[in-house]
Amino acid sequence: LFFTPPPPTRDRSPSRGLGDVYKRQAFAGSMKNIGEKGKHSNVTRTITIKMHDNYFEPAEINVKKDETIKFIVLNVGELVHEFNIATKEMHIKHQPEMQKLIDHEIISFDKIDNRISQSKVIKSSRGKIVDRNDRILAEDIIFYDIGIDLNYFSYKPDEIKFISDLLNIEEQNLRERSSNQRLKFIQISKKVNREKAEALKKEKIQGLVFDERFYRNYPEGEAFSQLIGITDINNDGLQGIELSFQKSLDSLDGRIDFKRDGNGKIIEEVFVPQKDGDLIKLSIDSDYQFIVFDELKRAVIENNASNASAIMIDLDSEEILAITNYPSFNPNNRKSLSDISLVTNKASISLLEPGSVLKPLSISLALDDELINEDTLIDTNPGWVEFEDYRTEDFRNYGILSVSEVIAKSSNVGTVKICSQMNKSRVISGIRSFGIGEYFSEMFLNHREGFLPGEQNISLRGLVSLCYGYGLQTTLLHIAKAYTGILNDGILSLIHISEPTRRTPISYAVFCLK
């Protein structure tokens, strides 16, 4: 017989096993249009149902009001079958419920497992990110998302007031939401700390549901936010180191699968351990990072600049000690983030025409080819030069300059006269040899390779412009890497940000653009 069972006991804990789902949903729907459980003493007719594998006999049953019918159900097929009396809508709703029982192996094609399967999730944590001195830059912290199961909420005024005061929720708003008869559950607060959650649990307020979750926390704040990046709602990396090391930082929840017999006794248990994410250790030194960030902030304010970026590199170990930008944002309070571009690590992502900072690189090529030497003198009179029908000027007339003075005074005229002696192939291949226009496969840091024109796409006029930093696009990261070749006795560093050495940096260089 199909009948309406008594209301099931509901588990108010956030972890609900399959048995709970089965008890709540297997007899879904109203019975008022079908009938009710009969008594044996009132049976007026007996109907035998034969269940074949692809049809039932009889195909149709006609009943009259107030009849009490006894059904004898025989499975004459090879497969498991179910006999229900319900409306069409109830049968349709019941189909996915039966599929759950199959998915969880309570029902298979040839047998029914009378044991109730349940699973308990063992939550895993995303890997930590630390600096070279093990200072935590990103970690998972347990918080609670709190909701109300309105089927069990008491609606007591003192309890509503207590919840509102503790969670800083408007009391009237909570009253209105909890009184909405169309809802069965409402979420009232996210990311509640352990202390407040324990205070609520202590009050034993019926209907409160506590969902324990890991949230990402960034203890060092805005000085690191664009480097470290952020995670999404699923705690997967969206930007920065969080994204670059996603596979290593990612975690996998474990679970306990167990089955109970009809009396609730556990008779089988399978434990699948969780896998926490790996620890990522960076070459960054937090002390240097804060110093550089503070200096950038001061420079932007004093010079009324829109933004500034800086990179500090250890020339001996080839490690990045600091990389930061200003302005930045608070990664622990993204609701206050009004400009989405602030999440970008401009030091490695934003493209720019480097201008005069490229002059030492192009002039070094002429020195390497022995077209000039340290004793060469360059005549920059009268403070401008005409080349390929284009006039290039200096800030003023510097007269006769040595090669080092051409660089020190950033003479455009001197640079044009030096670079006009070189061919296209040499200039472009030489600049590329510094890493400009290249993607650094060894760099575990999101960056863009930029743009360096090919020799077939550039004129002689464009070539000399390239020598003093125009007609190309690059990043501060590329400029910093290129300069290590000059500052490190001609050896270009393979700069990196992970797996730091344990020694204290001896010599370093800071590169800054604003």
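Preceding block: the structure.
Calculation criteria
- Residues numbered from 1 in each chain as written.
- Predicted model: local features only at pLDDT ≥ 70, side-chain atom pairs only at ≥ 80, totals over all residues.
- Heavy atoms only, no water.
- Helix = DSSP H or I, 4+ residues; strand = E, 2+ residues; numbered from the N terminus.
- Buried < 20%, exposed > 50% of the residue type's maximum accessible area, 1.4 Å probe, protein only.
- Contact = heavy atoms within 4.5 Å.
- Areas by Shrake-Rupley, 256 points an atom, 1.4 Å probe, with all protein chains shown as cover.
- Patch = residues over 30% accessible without salt bridge, like charges linked within 9 Å, V, L, I, M, F, W, Y side chains within 5 Å.
- Salt bridge = Lys/Arg side-chain N within 4 Å of Asp/Glu carboxyl O.
- Core = buried A, V, L, I, M, F, W, Y, C linked by side-chain atoms within 4.5 Å.
- Pairing = 2+ DSSP bridges.
- Phe/Tyr/Trp six-rings, centres within 6.5 Å; stacked < 30°, edge-to-face > 60°.
- Polar contact = N/O pair within 3.5 Å; in protein donor to acceptor, adjacent residues only side chain to side chain.
- Arc of directions from axis to C-beta.

## Some points on the overall build of the chain
Each helix and strand counted, the chain has 16 helices and 18 strands in total. For the chain, the proportion of its 514 residues judged to be buried stands at 41%. If you take every contact in the chain between residues at least 6 apart in sequence, the share linking residues at least 24 apart comes to 72%. Here the chain displays about 28,800 Å² of accessible surface, and carbon together with sulfur accounts for 49% of that area.

## With respect to a nonpolar patch on the surface
The grouping of Ile72, Leu74 and Val76 at the surface amounts to a nonpolar patch, some 220 Å² of accessible area in total. Locating leucine 74 in the fold gives a position in strand β3 (residues 69-75). Classification of leucine 74 as partly exposed rests on a relative accessible area of 38%.

## Focus: the nonpolar core
Membership of the largest hydrophobic core comes to 40 residues, with the highest contact counts inside it found for Ile129, Ile228, Ile241, Ile311 and Ile323. The set of elements that each furnish at least two residues to this core consists of β6 (136-149), α6 (225-228), α9 (286-303), β12 (308-314), β13 (319-326) and α16 (476-487). Beyond its immediate chain neighbours, meaning those up to four positions away, isoleucine 228 contacts Ile129, Leu137, Ala138, Tyr218, Gln239, Gly240, Ile241, Glu242 and Leu282.

## Thoughts on the sheet that holds strand β1 (residues 45-51)
Reading across from one edge, β2-β1-β3 is the order of the 3 strands in this open sheet, with mixed pairing throughout. Of all strands in the sheet, those bounded by a partner on one side alone are β2 (56-57) and β3. Across 7 bridges, the pairing between β1 and β3 is parallel. Looking at the pairing, isoleucine 47 lines up with phenylalanine 71 of β3.

## A look at the pattern of salt bridges
If you walk through the whole model with that rule in mind, you get 19 salt bridges. Here arginine 135 ties to glutamate 220 by a salt bridge, and the two come within 3.3 Å at their closest N and O atoms. Remark: glutamate 220 occurs in the loop between β8 (208-217) and α6 and arginine 135 occurs in the loop between β5 (129-130) and β6; sequence separation between them is 85 residues. Among the salt bridges present, the one from glutamate 171 reaches arginine 175, with a minimum N-O distance of 2.7 Å. With a gap of 4 residues between them, glutamate 171 and arginine 175 both fall in helix α4 (residues 171-178), about one helical turn apart. A cluster of three or more residues bridged by salt bridges with shared partners is formed by Arg126, Asp140, Arg216 and Glu242.

## Overview of the packing of aromatic side chains
Using the criterion set out here, one finds 6 aromatic pairs in the structure. With a centroid separation of 5.5 Å and an interplanar angle of 55 degrees, the aromatic rings of phenylalanine 71 and phenylalanine 83 are classed as tilted. Here phenylalanine 83 lies in the loop between β3 and α2 (88-103) and phenylalanine 71 lies in strand β3, a separation of 12 residues in the sequence. Of the residues examined, phenylalanine 71 reaches a relative accessible area of 19% and is grouped as buried.

## Some details on the pairing of β12
Counted residue by residue, β12 has 7 buried out of 7 residues, so it is predominantly covered. Burial along β12 is two-sided: the residues Ala308, Ala310, Met312 and Asp314 and Ser309, Ile311 and Ile313 are all buried. One ladder, built from 7 bridges, connects β12 with β13; its direction is antiparallel. Across the sheet, the residue bridging to methionine 312 is alanine 322, located in β13.

## Observations regarding the side chain of serine 317
Position of serine 317 relative to the elements: it lies in the loop between β12 and β13. Here the side chain of serine 317 touches glutamate 319 through a polar contact of 3.2 Å, side chain to side chain.

## Describing helix α3 (residues 157-167)
All of the buried residues along α3 are Glu159, Ile160, Ile163, Ser164 and Leu167. Along α3, the residues classed as buried sweep out an arc of 135 degrees about the axis, all on the same side. Residues Pro157, Asp158 and Asp165 are exposed on α3 and point more than 90 degrees away from its buried face. At its buried positions, α3 is contacted by β6, α4, β7 (185-192), α5 (194-203) and β8. Two residues or fewer past α3, asparagine 168 is found with a positive phi of approximately 55 degrees.

## Remarks on unusual backbone geometry
The amide bond that connects glutamate 57 to the next residue, proline 58, takes the cis arrangement and shows omega of -5 degrees. Inspection of the secondary structure puts proline 58 in the loop between β2 and β3. In the Ramachandran plot, asparagine 168 falls in the positive-phi region, its phi being about 55 degrees despite a non-glycine side chain. By secondary structure assignment, the location of asparagine 168 is in the loop between α3 and α4. By relative accessible area, which is 71% here, asparagine 168 ends up exposed. Positive phi values are uncommon outside glycine, yet lysine 204 reaches one of about 55 degrees. Among the structural elements, lysine 204 can be located in the loop between α5 and β8.

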